[in-house]
Amino acid sequence: MTSSSPNIVAPPLDSDERPPTAILRGLKKHYFKPDGSILVEALRGLDLVIPAGQYCAIMGASGSGKSTLMNMLGCLDRPTAGQYLLDGIDVSGLDDTALSRARGSRIGFVFQAFNLISELTIVENVEVPLFYQGLPRAERHDRAVARLEMVGLADRLSHRPNELSGGQQQRVAIARSLVTNPAILMADEPTGNLDTATGDAILDIFDQLHAEGLTIIMVTHDPKVAERCQRIVMLEDGNLASDELVGDATP
Ligand SMILES: Nc1ncnc2c1ncn2[C@@H]1O[C@H](COP(=O)(O)OP(=O)(O)OP(=O)(O)O)[C@@H](O)[C@H]1O
Ligand SMILES: [Mg+2]
């Protein structure tokens, strides 16, 4: 089913509803050659609205633009053209400092590779984003411990990443991504390096976070993983190929 209404209207300002987490209008991303000519049109004018609290999968063939889209949504990069409203705020034209501030306060990332710092204990790893926010040490520690408790690792605080299993390391990465209380959790193939049972345990955590109201956007190649989401957005060559609600689609 192709989306028939790209211009979904945001709720009125006096509503109690949260604004859509992400509104993309005509979003384009081109990569350029050194001479300034276009090398790749990675996103060709996407219109997409992701309501607050939605659990959305992004799928598509290799090279279809999934990571490029995640980089835009995650404020890691700016679009070549078009608009991106994050939580109702236009972030498409922000300078680097403002963009990285938006990223640090609004967005949590989980990747296929866990990207933990091997020299730090797991509680120190989870504290890192708060360190960049300049929080006092005691508060950093308390918030990191609370998030590690949430993912079931309270008894491993002083371990280092290489003393944990892959699934445990991914749980540390999830705790780290959430320690700043972001509006969106962006996950790029979060179960890609895990066996099915371990991956399912990670997806159980995502289910719980979704139930608590977090917006989750996840890139996956695995249809079984995507079916656990509420919505599947399919990209093809930088365009929206299909957009369908699946399963229990209550937002
Ligand atoms: N930094 C870059 N410079 C030039 N071209 C790029 C760059 N990053 C991505 N591309 C191109 O943009 C297109 C989309 O790439 P993207 O990484 O978004 O795909 P993807 O859907 O994430 O693929 P995969 O499933 O393999 O991760 C591809 O043609 C890719 O070669
Ligand atoms: Mg990719």
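About the thresholds
- Residues numbered from 1 in each chain as written.
- Chains lettered and ligands numbered in written order.
- Predicted model: local features only at pLDDT ≥ 70, side-chain atom pairs only at ≥ 80, totals over all residues.
- Near = placed C-beta within 6 Å.
- Helix = DSSP H or I, 4+ residues; strand = E, 2+ residues; numbered from the N terminus.
- Nonpolar A, V, L, I, M, F, W, Y, C, P; charged D, E, K, R; others polar.
- Core = buried A, V, L, I, M, F, W, Y, C linked by C-beta atoms within 7 Å.
- Buried ≥ 20, exposed ≤ 12 C-beta atoms within 10 Å, placed from the backbone.
- Pairing = 2+ DSSP bridges.
- Contact = placed C-beta atoms within 7 Å.

*Asks:* Before we go on, may I ask you to explain the site of ligand 1 in this structure?
*Replies:* Taken together, Tyr-31, Leu-39, Val-40, Ala-42, Gly-60, Ser-62, Gly-63, Ser-64, Gly-65, Lys-66, Ser-67 and Thr-68 make up all the residues around ligand 1. Within the residue set of the shell around ligand 1, elements represented by two or more residues are strand E2 (38-50) and helix H1 (66-73). Residue composition of the shell around ligand 1, grouped by class: 4 nonpolar, 7 polar and 1 charged.

*Asks:* Teacher, can you tell me more about the nonpolar core here?
*Replies:* For soluble globular proteins, the rule of thumb is that nonpolar side chains tend to be buried together. Ile-58, Leu-185, Met-186, Ile-216 and Ile-217 are the most contacted members of the largest nonpolar core, which totals 62 residues. Ranked by the residues each element gives to this core, the list is headed by E2, at 6 residues.

*Asks:* Whenever I open this one, the pairing of strand E9 (residues 231-236) confuses me. Can you help?
*Replies:* Residues in a regular strand point their side chains to alternate faces of the sheet. Every second residue of E9 is oriented toward a common face, the buried set being Arg-231, Val-233 and Leu-235 and the non-buried set Ile-232, Met-234 and Glu-236. Of the strand pairs in this sheet, strand E3 (residues 55-60) and E9 are connected by 5 bridges, and their pairing is parallel. Its bridge partner being in E9, Ile-58 is matched across the sheet by Val-233. Direction of pairing for E9 relative to strand E10 (residues 239-245): antiparallel, over a ladder of 6 bridges. Considered in E10, the bridge of Leu-235 is made with Leu-240. In this antiparallel pair of consecutive strands, E9 and E10, the connection spans 2 residues, and Asp-237 shows a positive phi of 50 degrees.

*Asks:* I would appreciate a short explanation of helix H3 (residues 122-132) in the present structure.
*Replies:* Residues spaced three or four apart along an α-helix face the same direction, because each turn holds 3.6 residues. Within the sequence span of H3, burial applies to Ile-122, Val-123, Asn-125, Val-126, Glu-127, Pro-129 and Leu-130. In this structure, the buried residues of H3 make contact with helix H2 (96-106), helix H4 (137-150) and helix H5 (166-178). Positive phi appears at Gly-134, one or two residues downstream of H3, with a value of about 75 degrees.

*Asks:* Just to check I follow, could you spell out the pairing of strand E4 (residues 81-86) for this structure?
*Replies:* Relative to E4, strand E1 (residues 22-32) runs antiparallel, the two being bridged by 5 bridges. Residue pairing across strands places Ala-22 opposite Leu-86, the latter belonging to E4. The pairing of E4 with strand E5 (residues 89-90) spans 2 bridges and is classified as antiparallel. From the neighbouring strand, Leu-85 faces E5, where its bridge partner is Asp-90.

*Asks:* In this structure, what is going on with the environment of Gly-167? I would like to understand it.
*Replies:* Within the secondary structure, Gly-167 is located in helix H5. The exposure class assigned to Gly-167 is partly exposed, which follows from the 18 C-beta atoms found within 10 Å. Between the C-alpha atoms of Gly-167 and Asp-200, which are 33 residues apart in sequence, the distance is 9.7 Å. Discounting chain neighbours no more than four positions away, the residues touching Gly-167 are Leu-194, Thr-198, Ala-201 and Ile-202.

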